Amino acid sequence: MWFWRKLNQVLSGLEWRVSLGVLFWGWLAPAGSFALPAWAAEATGMFADYAPLSWVVSGFAGLLAYVIAVAIYGYGSSKVVRAKYDSKFMLETGGVDPMSRVFEDKRIFLNDFILPSSPFVDGKTFVDCDIVGPANIFLQVDNAINNIKPGIIVDAVVLDGETPFNNGFIFRNCTFRGCRFHRVTLFFAPDEALANSHLKWLNWITEMPRQEALPGTVAASQIEDQSRQSHQGNEEKTQR
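Residues numbered from 1 in each chain as written. Predicted model: local features only at pLDDT ≥ 70, side-chain atom pairs only at ≥ 80, totals over all residues. Heavy atoms only, no water.

S.K.: I'm lost on the sheet that holds strand S4 (residues 125–127) in this one. Help?
M.R.: Strand pairs in the sheet, formed through backbone hydrogen bonds, run parallel or antiparallel to each other. Taking strand neighbours across the sheet as the criterion, the four strands line up as S1-S4-S9-S6 in an open arrangement whose pairing is parallel. On the outer flanks of this sheet lie strand S1 (102–104) and strand S6 (144–146), each paired with one strand and no other. Recorded for the sheet is a direction-independent mean angle of 5° between the axes of neighbouring strands. Note: S1 against S4, three bridges, orientation parallel. Following the sheet pairing, Glu104 is matched in S4 by Val127. (Pairing = 2+ DSSP bridges. Helix = DSSP H or I, 4+ residues; strand = E, 2+ residues; numbered from the N terminus. Axes fitted to C-alpha atoms, helices over the stretch in contact; angles between N-to-C directions.)

Okay, structure coming up:
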């Protein structure tokens, strides 16, 4: 009991000191930055011919200097935080810069690569990369996947075309060449699913929609069949 009483006293003392610090920086510091220059101008008689206007101008000049100092401090603090984040990110992700447009021979951990608050990836090119989940990827529009490494099997899901996709990452205008997908599930719109239903490296875990139930025609897919590529490669070797 004695220990807990002492600890409570220490925490209570710390609490009022923190509250006093917040009060000082939140109210007293700005007020002081105005009052002190105004008082100094009045006490020293500077610009006495323009008093009391000179006191007001001095006060606002001091307040402006305080605001500038706080802005510089905030900017410096943000740079320090960003530098620490970049250092931690580079250490964990092997030096992958998410702001780049082209990635080659990289291991991309999607949950570190993409911000949860902005799950969109637009206009990126991945060459001979490992795309690592666990993650859900919706190939929304104008994506291209070719030269998938042999032996890769990826789960695939057909969306109904009406319910929005929320739990995952959305890729637009992206190209994957010679990549591997690890612990990733690909989501397709109904028309794209029908266009890619023949791909051997996609493991469809949902039923395919009926083509006659879809409006319009199915657009040609830009996703290549790895099994067909492997078969063609074996035929070329046999002919040689």
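S.K.: For this particular structure, what's the right way to read the nonpolar core?
M.R.: If you look at the biggest cluster of nonpolar residues, it comprises 33 residues, and the most contacted ones within it are Leu110, Phe126 and Phe171. Where this core is concerned, the elements lending two or more residues are helix H3 (110–113), strand S5 (130–141), strand S7 (154–158), strand S8 (169–172), strand S10 (180–188) and strand S11 (202–204). Setting aside anything within four residues of it in sequence, one finds Leu110 in contact with Ile131, Val132, Ala135, Ile137, Phe169, Phe171 and Val184. (Core = buried A, V, L, I, M, F, W, Y, C linked by side-chain atoms within 4.5 Å. Buried < 20%, exposed > 50% of the residue type's maximum accessible area, 1.4 Å probe, protein only. Contact = heavy atoms within 4.5 Å.)

S.K.: Can you walk me through the pairing of S7 in this structure?
M.R.: Along any regular strand the residues' side chains alternate between the sheet's two faces. Within S7, four of the five residues are buried, which leaves it mostly tucked inside the rest of the structure. As paired strands, S7 and S10 are joined by four bridges and run parallel to one another. The residue bridging Asp155 from the neighbouring strand is Thr185, located in S10.

S.K.: Looking at this model, I keep getting lost on the packing of aromatic side chains. Mind explaining?
M.R.: The description of an aromatic ring pair uses the distance of the two centres, along with the angle that the planes make with each other. Tallying each qualifying case throughout the model produces 10 aromatic pairs. Between Phe126 and Phe176, the ring centres sit 5.0 Å apart and the planes meet at 10°, which makes this aromatic pair stacked. Separated by 50 residues along the polypeptide, Phe126 in strand S4 and Phe176 in strand S9 (residues 175–177) bring together distant segments of the chain. Taking the relative accessible area as the measure of exposure, Phe176 reaches 0% and is therefore buried. (Phe/Tyr/Trp six-rings, centres within 6.5 Å; stacked < 30°, edge-to-face > 60°.)

S.K.: For this particular structure, what's the right way to read unusual backbone geometry?
M.R.: What is expected of a backbone is that most residues other than glycine have negative phi and most peptide bonds are trans. Residue Pro134 follows Gly133 across a cis peptide bond; omega there is 5°. If you trace the backbone, Pro134 turns up in strand S5. Phi angles above zero are rare outside glycine, and Asp142 is one such case at about 55°. Looking at the element boundaries, Asp142 is found in the loop between S5 and S6. If you check the backbone angles, Asn173 has positive phi at about 55° while not being a glycine. Inspection of the secondary structure puts Asn173 in the loop between S8 and S9. Classification of Asn173 as partly exposed rests on a relative accessible area of 34%.

S.K.: What is the right way to read the pattern of salt bridges from this model?
M.R.: Side chains that differ in charge, positive against negative, can pair when their charged atoms come close. Counted under the stated rule, the structure contains three salt bridges. Residues Asp130 and Arg180 are paired through a salt bridge, measuring 3.8 Å at the closest nitrogen-oxygen approach. Highlighted residues: Asp130 in strand S5 and Arg180 in strand S10, separated in sequence by 50 residues. When its relative accessible area of 15% is taken as the criterion, Asp130 is described as buried. Judged by relative accessible area, Arg180 falls into the partly exposed class, the value being 35%. Here the salt bridges share partners, and the residues they tie into one network are Arg107, Asp130 and Arg180. (Salt bridge = Lys/Arg side-chain N within 4 Å of Asp/Glu carboxyl O.)

S.K.: Looking at this structure, how should I read the side chain of Thr125?
M.R.: Its place among the elements puts Thr125 in strand S4. Here Thr125 falls in the buried class, since its relative accessible area comes to 19%. The contacts of Thr125, once residues within four sequence positions are left out, are Arg101, Val102, Phe103, Thr175 and Arg177.

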